[in-house]
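# Descriptive analysis of the structure
Here is what each chain is made of, one letter per residue.
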Amino acid sequence: WYVLVRISQLLAPWAPFAADKLWAELTQGSRLVDSVHLSDWPSVKEPDNASTKLLEEMNKARESITDGLFQRSEAGIKVRQPLASVGMPQMNEDFTDIIKEELNVKAVNWGIQEVILDTSLTPELIREGIARDLIRFVQNARKNAGFNVEDRIYLKIDSDSTEITEAAKQFSTTINAETLATGVLDGEAEHSEVVKLDGQDIKISASRDK
């Protein structure tokens, strides 16, 4: 609410009617003035010490994430491929989850002097990376088939690659949850397409669960 009210004030000079409509809808029943054009601009204050420190920590985290992504690129490892860990200089540990998500790592190890991304790949991590790709392929197939976002589907993933087949089986629960698959397709598909992953063909077949 606060952000939208401020946006309506920012819009006012160049979109006066839309801004006033937005203001009226947002402030109805409040003690604010009736029109955005009668409101005072928000005051601008210098950030306090806590805010300044937080901004510095955010910049440090962002720079470290950029460094980690560069190391991924240098190693030729795509972002969808999960990795075990990254070593990070000590900083606000509230950023742990953000760092894990942005770098797609399982753990953050604190206290070293520079960013060191563990680029070693175990069979388990490789299979999880394949599962992430399979989710992306199925989502694209859903879109190509013209399915609605909320449609549940029956899904079948076929490949001559043992590694891909094992990944699909091991992470079937995750794949089904992410793609709204309710079961294995048995019979003719409404839509099927063939995609490639590392040179291997994968056939994605799906039908809506009616």
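### Section: the pattern of salt bridges
Pairing of side chains with opposite charge becomes possible as their charged atoms draw close. As enumerated under the stated definition, the model contains nine salt bridges in all. As a salt-bridge pair, Glu-128 and Lys-106 come within 2.8 Å of each other at their nearest N and O atoms. Of this pair, Glu-128 sits in helix α5 (residues 123-145) while Lys-106 sits in strand β2 (residues 105-110), and the two are 22 residues apart along the sequence. The exposure class assigned to Glu-128 is buried, which follows from its relative accessible area of 12%. The closest approach of N and O atoms between Lys-196 and Asp-201, which form a salt bridge, is 2.6 Å. Judged by relative accessible area, Lys-196 falls into the exposed class, the value being 55%.

### What to know about the environment of Ala-177
The residue Ala-177 is located in helix α7 (residues 172-179) in this model. The spatial distance from the C-alpha of Ala-177 to the C-alpha of Ile-135 is 9.6 Å, given a sequence separation of 42 residues.

What counts and how
- Residues numbered from 1 in each chain as written.
- Predicted model: local features only at pLDDT ≥ 70, side-chain atom pairs only at ≥ 80, totals over all residues.
- Heavy atoms only, no water.
- Salt bridge = Lys/Arg side-chain N within 4 Å of Asp/Glu carboxyl O.
- Helix = DSSP H or I, 4+ residues; strand = E, 2+ residues; numbered from the N terminus.
- Buried < 20%, exposed > 50% of the residue type's maximum accessible area, 1.4 Å probe, protein only.

These values are about where atoms sit, not about what they do.
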